[in-house]
Amino acid sequence: MRATITVMALSITLAILGCVENDVTFFVEHVKVQPEAPQCSTSAGDDFSSSGLIDLAVASSFSNFYYVTNAAMLREDYDNIRAETDGIMVEGMEVYVESTTGGLVGGTEYFDFAHYIPPESSEILAAISIPQSVMDDLAGEAGCQRIDAYNDPDEIAALALQNPRMWPPSWESDTGTVYSVVRFLGHTQGGRDVETEEFSFMVKTCCNCLIDWSPCVDLCGTFCESGEEVDVCSIGVANSAGTVIDCRQLGYARTSVWQSVDSSGNTITMTCDDCAEPSS
């Protein structure tokens, strides 16, 4: 009698467990490698990446292509409609950045989505891994001067005139590692709220490591030369092809007059015409 009761209890327990929804049917599998120009796109067959590299001096934000899976099996029970584990409508994502010591950099940010993932399938979702506000915080903590702080040609000229050692800002440094943590949220076709588990992605950071500052040693080069064009999908984000860019491609060629100093130490007004080599 006791054996019968034990077997029945075990059977009931297994039946109950079998009815529990699988919490890991909606998850992030991996992050795709950073795409290369000019396509700047990725596909399901592309390799995955274990980490990323960004230059805090120039990267405005950091985005990745996440491979997200809906592993729920399609159910076709017409007598008892069960659609709650079928297709998933992804409605948004949350992201925060964590230091290697476990502390948060900035706060958690939410971004809207509108993407459908059919049952038993995976989709590539392009999403922000590090928002611009957090990028600014990371640069500030690392003491890395953001390039947008130099977006005024007059300020650049004044900086070069007052303290030539500050221009160009060519010092390069490794500024550490952080973790981007994302979670996608949505609902099933049956109206049940679902979310992925948090997915952590390692991001290495640096300052000025993806910029070639050598052509900008003087303001003639900075303001008057277009520089060598390098196709990149995201400035300040490294990929397998290498993404070091010419400093003259950062948008400084927007002025025609600035103050400089001649060989006698006198302040003079310069234009790009003054930079031209004299004809022989």
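Everything here concerns the structure above.
Reading the values: the criteria
Residues numbered from 1 in each chain as written. Predicted model: local features only at pLDDT ≥ 70, side-chain atom pairs only at ≥ 80, totals over all residues. Heavy atoms only, no water. Disulfide = S-S within 2.5 Å. Helix = DSSP H or I, 4+ residues; strand = E, 2+ residues; numbered from the N terminus. 1 Å grid on protein atoms, 1.4 Å probe; cavity = no way out; pocket = protein on both sides within 12 Å on 5 of 7 lines; lining within 4 Å. Points joined across faces, edges and corners; volume = space filled by probe spheres on them. Nonpolar A, V, L, I, M, F, W, Y, C, P; charged D, E, K, R; others polar. Buried < 20%, exposed > 50% of the residue type's maximum accessible area, 1.4 Å probe, protein only. Arc of directions from axis to C-beta. Contact = heavy atoms within 4.5 Å.

### Focus on the state of the cysteines
- According to the stated counting rule, one finds six disulfides in the structure shown.
- Disulfide pairing places cysteine 216 opposite cysteine 247 at an S-S distance of 2.0 Å. What sets the handedness of the cysteine 216 and cysteine 247 disulfide is the S-S torsion sign, and at about 110 degrees it is right-handed. Taken together, the positions of cysteine 216 in the loop between strand S11 (211–212) and helix H4 (219–224) and cysteine 247 in the loop between strand S12 (245–246) and strand S13 (258–261) put the pair 31 residues apart, joining distant regions of the chain.
- A sulfur-sulfur distance of 1.9 Å marks the disulfide that ties cysteine 224 to cysteine 272. Torsion about the S-S bond of the cysteine 224 and cysteine 272 cystine: about -90 degrees, corresponding to left-handed handedness. Of this pair, cysteine 224 sits in helix H4 while cysteine 272 sits in helix H5 (residues 272–275), and the two are 48 residues apart along the sequence.
- In the protein chain, the bonded cysteines, taken in the order they occur along the sequence, pair up as 1-9, 2-4, 3-5, 6-10, 7-12, 8-11.

### Some remarks on empty space enclosed by the protein
- Tallied over the full model, the rule gives one cavity of 30 Å³ or more.
- The computed volume of the largest cavity comes to approximately 40 Å³.
- In terms of lining, the largest cavity is formed by Gln34, Pro35, Val232, Cys233, Ser234, Val237, Asn239 and Thr243.
- Here the lining of the largest cavity is composed, by residue class, of four nonpolar, four polar and no charged.

### As for helix H2 (residues 132–142)
- Of all the positions in H2, only Val134, Met135, Leu138 and Ala139 are classed as buried. In an axial view of H2, the angular spread of the buried residues amounts to 140 degrees, which keeps them on one side of the axis. Summarising the geometry of H2, the exposed residues directed more than 90 degrees from the buried face are Gly140 and Glu141.
- Contacts made by the buried residues of H2 are with strand S3 (51–55), strand S4 (62–70), strand S5 (88–99), strand S6 (104–117), strand S7 (121–130) and strand S8 (173–188).

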